[in-house]
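Chain residues, written in single-letter form:
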Amino acid sequence: MVHLVFLVILILTKLYDFNLGSVTESSLWRSTDYGTTYEKLNDKVGLKTVLSYLYVSPTNKKKIMLLSDPEIESSILISSDEGATYQKYRLNFYIQSLLFHPKQEEWILAYSLDQKLYSSMDFGRKWQLMHERVTPNRFYWSVAGLDKEPDLVHMEARTADGHTHYLTCRIQECSETKRSGPFSRSIDVSSLVVQDEYIFIQVTTGGRATYYVSYRREPFAQIKLPKYSLPKDMHIISTDENQVFAAVQEWNQNDTYNLYISDTRGVYFTLALENVKSSRGLEGNIVIDLYEVAGIKGIFLANRKIDDQIKTFITYNKGRDWRLLQAPDTDLRGDPVLCQLPFCSLHLRLQLSENPYTSGSISSKETAPGLLVATGNIGSELSYTDVGVFISSDGGNSWRQVFEEEYNVWFLDWGGALVAMKHTSVPIWHMWVSFDEGRSWTKYSFTSTPLFVDGSLVDPGIETQIMTVFGHFSLRSEWQLVKVDYKSLFSRRCTKDDYQTWHLHNQGEPCVMGERKIYKKRKPGAQCSLGRDYSQTVVSEPCVCGQGDFECDYGYERHSNNQCIPAFWFSPSSLSKDCNVGQNYWNSTGYRRIVSNNCTDGLREKYMAKMEKCPGKAPRGLHILTSDGKLVMEQGHNATFIILMEEGDLQRTNIQLDFGDGIAVSYANFSPVEDGVRHVYKSAGIFQVTAYAENSLGSDTAVLFLHVVCPVEHVHLSVPFVAIRNKDVNITAVVWPSQAGTLTYFWWFGNSTKPLITLESSISYMFTVEGMNTVTVQVAGGNTLIQDTKEIAVHEYFQSQLLSFSPNLDYHNPDIPEWRQDVGKVIKRALAEVTGIPDEQILVAVFPGLPTSAELFILPHKNTTERRKSSEADLEQVVEILFNALNQNLVQFELKPGVEVVVYVTQLTLAPLVDSSSGHSSSAMLMLLSVVFVGLAVFLIYKFKRKIPWINIYAQVQHDKEQEMIGSVSQSENAPKITLSEFTDPEELMDKELDTRVMGSISTIANSESTKEIPNCTSV
């Protein structure tokens, strides 16, 4: 790292240990005689201090700041005497980058590794925290003449609501109450750009990006690109001369961008060039192949992709017209170059160097107008192998080749001399110098031993004509610095006889950007120094406006007859949509003069926009949307509605907004709704939000349907424990809270990969495969998705029996789902051990509540469908075995040491066998349902016309005897009604639960529990 401070050179070197993967040593060197001798300053900064970066104040070159390596310590070293002495200050945070104020030498912003922004007003001696969660590289100092306070800071930061916002505050007054948000809505991450007169931000809604701009700190306006550009990405290339050059990657592009150019306010953009090549930089940043020529306004070079070939184009009027580069007439040997446009041309590499100590593939200087040096090739397309160095002395009109290989070329003496050094990986000891803009070169040796060159420190404005070359003699040697002094080559100071004039032109056309310009340049071959007082005296006079001075206005496209015609999607009358009756507006002719073009008269009057009275218009194109583009809102949160109107008098149009919940507001004009209208919904549901705009000429309406939801927190899947094959089964998903708004249910059965989707919480399904079948339901509400899964045993037929237990079990029954599930497994094992019946033929479901009871299911053996009759007989034998064991009190289990529980048969009569023969119409099943509130349950009860107290009946009845079902306790005429408001006491609820159980047949309860409070959510 090398820095030049007048005649002082500071060099920071670091030793990187590849084994450790870190920097282990650093050295600071200082020269006060422009590189002749160097002093090592390690003892002045601390012998054990490892430095990571060196900064020089941009407003006072005498002030230096050094950063220590954050992996070792957090400190800074400050010098106020060009790096001669230092003071060390320890920090309580680790600096990642610094940003110096453009005017105030003492003011600095520091960005920490943990995304905090700090400020200092005394050149780093004391720091104050400004804001946390700041986006990297998205903080900016105020711009003089635009921001009211010089200490104002623009930043992009994540606020407490979790969203990213554009904020501003003063460096000493950045508390939460002092900050302001110039843009009311949240923005996309890493989208804030503050550059010259412009501020840019990006907001993505519904997957589509919208861009906004503020010109000279005016309110933000939406950037208008052609309607169907549909950008995926946008980069600001230039904001020079009160105009924005932007690169936009559109929906159908991958490795190219389109160039757009704006009006003065940066709002309306028109296409300048399509399919410009892009690439990735070393740090992953997007690099657009566009180069702005220094010293002359309006000249750009771009590499464009045409039919999979990259070609270089040039424009002299800021993108209105582009043409290929004419190749040199002769090569280095003087032989003619056979290259005919448009099949063959000159192509240039347009990347700037990411290494500040090399020249890059193209360069030009403000102090040397018209002089361009670039690496490229001649042919049908750009090549990266067969390259050479080309120079133009007339602003890109004509070119000549000066080297056949790649060279670094630097400007010396304010651009009056060129120095070239071969760009190679092998050591070199020669360089070339030219005093006639590359027409002839003189070879010089700058070292006696070949040097691997890593870079050179050159300042074209330094009067001493000195450059410092640094590198190493071998891959293992230390750094070497070579001072090259060209002063002896300049015999004298230039006089007026050493200069000549040069007329800027575009292929012979003397008017460029509406002006004739004449520059003063040193005569080729004059070996005199220009000196610090050199200036390129420019004679400029305006030209008469012609076609080339005007580009198509927004919404217009240039056709083959060179006329600007409205695009198919554009209505010229829409330009007056923001215009109010009694005011005036500029009515476009379809043309606009190129920004910074200084032509006069001629076609200016014809093409200039005409001021006209604002026409009265009825409201048209009314739109209503939410600020974040979403149509789902949580209950109790702010919903912000944005109302837009394509045409109509904004100041004389009445606006009414009905929120759909019984509340509506009305405004006399659009002014109060520009930043959106906020509303809080107090209940869940789907609301029709209606906007109505009306004036004396007409009206328009827009409607939006907003889903207001209360987040769902729990779902319980209610399914039968056992079901009959090929018979419909009712399955229900019970959601908590029950009034959460509109929900969507996704049902999976067995191994199916595609769900059934319903808006209802219940579904009827027929299982066709015997065995254990899995049922899964997912419930989607707003941004929440919850799930529950259950298993159902599916058989052709089965039997069941109610069980009871010795009273001591009730004392140990906590009445929670997990306990009931575990006890059911214990009972099952006990039955299998006593009777020898296989586990797969027994299922036990323990009921909630007291006294403790359960239901025993006896299932047929697997794969017994074909031998139905013998299997039924086998099942009867299994039932008899179980019945005998239970009646003899043989089935017992130990709940805990000393607690023996006996299992009894509740009734001496088993339910008849259940089958699925064609002569029967209904399938008996045991329904499991659990609606759990605060750990308690409400049961679904099935009531059959044919019933025996305390025994579940699985009998087939004739078609004229249909099942009667009671859907829920609260829906039964005979059952006590239970509402949410009655769930106040668990014991009280237990009583109600027990009262409910004795009515009709007993239902088993699936395992489910919730201990959360009931949310305050209601539906309309």
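Above: the structure in question.
Residue numbering note: each chain is counted from 1, following its sequence as written. Residues qualify for local features only when their pLDDT is at least 70, as the model is predicted, and side-chain atom pairs are given and counted only at 80 or more; totals for whole chains, interfaces and linings, by contrast, use all residues. Side-chain numbers come from the whole structure's heavy atoms, not from hydrogens or water.

> Is there a simple way to think about the overall build of the chain in this case?
Across its full length, the chain holds 6 helices and 77 strands. Only heavy atoms matter for contacts: two residues are in contact if any of them lie within 4.5 Å across the pair. Across the chain, contacts joining residues at least 24 apart in sequence account for 55% of those joining residues at least 6 apart. With residues, only the protein chains shown are counted as cover, and all accessible areas are computed by Shrake-Rupley using a 1.4 Å probe. Accessible area of the chain: about 48,200 Å², with a carbon and sulfur share of 49%. For the purposes of this entry, the term helix denotes a DSSP run of H or I that reaches at least four residues, the term strand denotes a run of E that reaches at least two, and both are numbered from the N terminus.

> Would you mind going over the sheet that holds strand β38 (residues 452-457) with me for this structure?
Paired through their backbone hydrogen bonds, the strands of a sheet run either parallel or antiparallel. Strand pairing is assigned whenever DSSP identifies at least 2 bridges connecting the two strands. What the 3 strands build is an open sheet, ordered β38-β39-β40; its pairing is antiparallel. Two strands bound the open sheet, and with one partner strand each, they are β38 and β40 (480-485). When the angles between neighbouring strand axes are averaged without regard to direction, this sheet yields 25°. Pairing of strand β39 (residues 466-472) with β40, which is carried by 6 bridges, proceeds in the antiparallel orientation. The partner of Met 467 across the bridge, within β40, is Val 484. For helices, the axis comes from a line fit to the C-alpha atoms of the stretch in contact; other axes are also lines fit to C-alpha atoms, and the angle between any two N-to-C directions lies between 0 and 180 degrees.

> Got a minute to help me understand the side chain of His 795 in this structure?
Here His 795 lies in strand β67 (residues 784-795). In contact with His 795, not counting residues within four places along its chain, are Val 722, Ala 723, Ile 724, Arg 725, Glu 770, Leu 859 and Pro 860.

> Any chance you could explain the state of the cysteines here in plain terms?
Defined simply, a disulfide is a covalent bond joining two cysteines at their sulfur atoms. In this description, a disulfide is simply a cysteine sulfur pair whose atoms lie within 2.5 Å. Going through the model one piece at a time under the given rule, you end up with 6 disulfides. Between Cys 339 and Cys 344 runs a disulfide, and the two sulfur atoms are separated by 1.9 Å. With the S-S dihedral at roughly -105°, the linkage between Cys 339 and Cys 344 falls on the left-handed side. The exposure classification of Cys 339 matches that of Cys 344, with both residues buried. Covalent S-S linkage joins Cys 511 and Cys 543, the inter-sulfur distance amounting to 2.0 Å. Residues Cys 511 and Cys 543 share a disulfide whose torsion about the S-S bond is about -95°; that sign makes it left-handed. Note that Cys 511 is positioned in the loop between β42 (499-503) and β43 (515-522) and Cys 543 in the loop between β45 (539-542) and β46 (550-552), a separation of 32 residues in sequence. To sort residues, take the accessible area from a 1.4 Å probe on protein chains only and compare it with the maximum for the residue type: under 20% means buried, over 50% means exposed, and anything in between is partly exposed.

> Before we go on, may I ask you to explain the pattern of salt bridges in this structure?
Once the charged atoms of two side chains with opposite charge are near each other, the side chains can pair. The term salt bridge refers to a pairing of a side-chain nitrogen on Lys or Arg with a carboxyl oxygen on Asp or Glu at a separation within 4 Å. Applying the stated criterion across every chain yields a total of 35 salt bridges. Measuring nitrogen to oxygen at the nearest pair gives 3.0 Å for the salt bridge that ties Glu 405 to Lys 422. Of the two residues, Glu 405 sits in the loop between β33 (400-403) and β34 (407-412) while Lys 422 sits in strand β35 (residues 417-422), which places them 17 residues apart along the sequence. Among the residues examined, Glu 405 registers a relative accessible area of 42% and is labelled partly exposed. In this structure, Asp 498 and Arg 492 form a salt bridge, with 2.6 Å as the shortest nitrogen-oxygen distance. A relative accessible area of 8% places Asp 498 in the buried class.

> Looking at this model, I keep getting lost on the packing of aromatic side chains. Mind explaining?
The relative placement of two aromatic rings is captured by the distance of their centres and the angle of their planes. In summary, the pairing rule links any two rings of Phe, Tyr or Trp, Trp by its six-membered ring, whose centres are within 6.5 Å, and it sorts them by plane angle into stacked for under 30 degrees, edge-to-face for over 60 and tilted for everything else. Scanning the model with the defined rule gives 37 aromatic pairs in all. Taken together, a centroid distance of 5.7 Å and an interplanar angle of 80° make the contact between Tyr 407 and Trp 432 edge-to-face. Taken together, the residues span a long stretch of sequence, with Tyr 407 in strand β34 and Trp 432 in strand β36 (residues 430-434) at a distance of 25 residues. Each member of the pair Tyr 407 and Trp 432 is classed as buried. Measuring from ring centre to ring centre gives 5.1 Å for Phe 550 and Tyr 607, while their planes differ by 70°; the resulting arrangement is edge-to-face. In this pair, Phe 550 sits in strand β46 while Tyr 607 sits in helix α2 (residues 604-607), placing the two residues 57 residues apart along the sequence. Here the two residues Phe 550 and Tyr 607 agree in accessibility, since each one is buried. Taken together, Tyr 268, Tyr 554, Tyr 556, Trp 569 and Phe 570 form an aromatic cluster joined through their ring pairs. Over a ring means this: the NZ of a Lys or the CZ of an Arg is within 6 Å of the ring centre and within 35 degrees of the ring normal. Positioned over the ring face of Tyr 499 is Lys 520, at 4.5 Å from the centre of the ring.

> Mind showing me how you'd approach the nonpolar core here?
What tends to happen in soluble globular proteins is that the nonpolar side chains get buried as a cluster. What we call a nonpolar core is a set of buried Ala, Val, Leu, Ile, Met, Phe, Trp, Tyr and Cys residues that are connected through their side-chain atoms within 4.5 Å. Ranked by internal contacts, the top residues of the largest apolar core, which has 29 residues, are Leu 803, Phe 805, Ile 827, Leu 831, Leu 856, Leu 886 and Phe 893. Of all elements in the fold, only β68 (799-805), α4 (817-835), β69 (842-846), β70 (853-858), α5 (868-887) and β72 (899-905) reach the threshold of two or more residues within this core. The dominant element in this core, judged by the number of residues it contributes, is α5, at 7 residues. In contact with Leu 803, not counting residues within four places along its chain, are Ile 827, Ser 853, Ala 854, Leu 856, Leu 886, Val 903, Tyr 904 and Thr 906. Counting residues in hydrophobic clusters, the runner-up holds 28 residues, among them Ile 187, Ile 199, Phe 220 and Val 244.

> Could you clarify how one ought to interpret the sheet that holds strand β62 (residues 728-736) in this entry?
Strand order in this open sheet of 3 strands is β60-β62-β65, and the pairing throughout is antiparallel. Each edge of the open sheet is held by one strand with a lone partner, namely β60 (714-718) and β65 (762-766). On average, each strand axis in the sheet is tilted by 25° relative to the strand beside it, whichever way the strands run. The pairing of β62 with β65 spans 5 bridges and is antiparallel. Note on β65: the bridge partner recorded for Ile 731 is Ile 763.

> So what exactly am I meant to see when it comes to a nonpolar patch on the surface here?
On the surface, a nonpolar cluster with roughly 260 Å² of combined accessible area is contributed by Ile 686, Val 703 and Phe 705. On the basis of relative accessibility, which here comes to 42%, the residue Ile 686 falls in the partly exposed class. Any residue with relative accessible area above 30% and no salt bridge may belong to a patch, with like charges joined within 9 Å and the nonpolar Val, Leu, Ile, Met, Phe, Trp and Tyr side chains within 5 Å.

> Just to check I follow, could you spell out a negative patch on the surface for this structure?
Taken together, the side chains of Asp 196, Asp 240, Glu 292 and Glu 366 make up a negatively charged region of the molecular surface. Mapped onto the fold, Asp 196 is located in the loop between β16 (193-195) and β17 (198-205). His is not counted, nor are the chain ends, whereas Lys and Arg count as positive and Asp and Glu as negative. To locate a charge, the coordinates of NZ of Lys, CZ of Arg, CG of Asp or CD of Glu are taken.

> Please clarify how α4 should be interpreted in this entry.
Along an α-helix, a turn takes 3.6 residues, which lines up residues three or four apart on a common side. Here α4 is 19 residues long and its end C-alpha atoms lie 27 Å apart, about the 27 Å a rise of 1.5 Å per residue gives. Where α4 is concerned, the buried positions are Pro 817, Trp 819, Arg 820, Val 823, Gly 824, Ile 827, Ala 830, Leu 831, Ala 832 and Thr 835. Directly beyond the C-terminal end of α4, a positive phi value near 75° is found at Gly 836. A helix is expected to span 1.5 Å for every residue after the first.

> What should I look at first to understand unusual backbone geometry in this one?
If a residue is not glycine, its phi is most likely negative; likewise, a peptide bond is most likely trans. A cis geometry characterises the amide bond from Leu 341 onward to Pro 342, with omega recorded as 0°. Structurally, Pro 342 is set in the loop between β28 (323-324) and β29 (345-348). Residue Pro 737 is bonded to the preceding Trp 736 through a cis peptide linkage, with omega at 0°. If you trace the backbone, Pro 737 turns up in the loop between β62 and β63 (744-749).

> Can you help me understand the environment of Ser 175 in this one?
Tracing the backbone shows Ser 175 in the loop between β15 (164-170) and β16. Using a relative accessible area of 36% as the deciding quantity, one classes Ser 175 as partly exposed.

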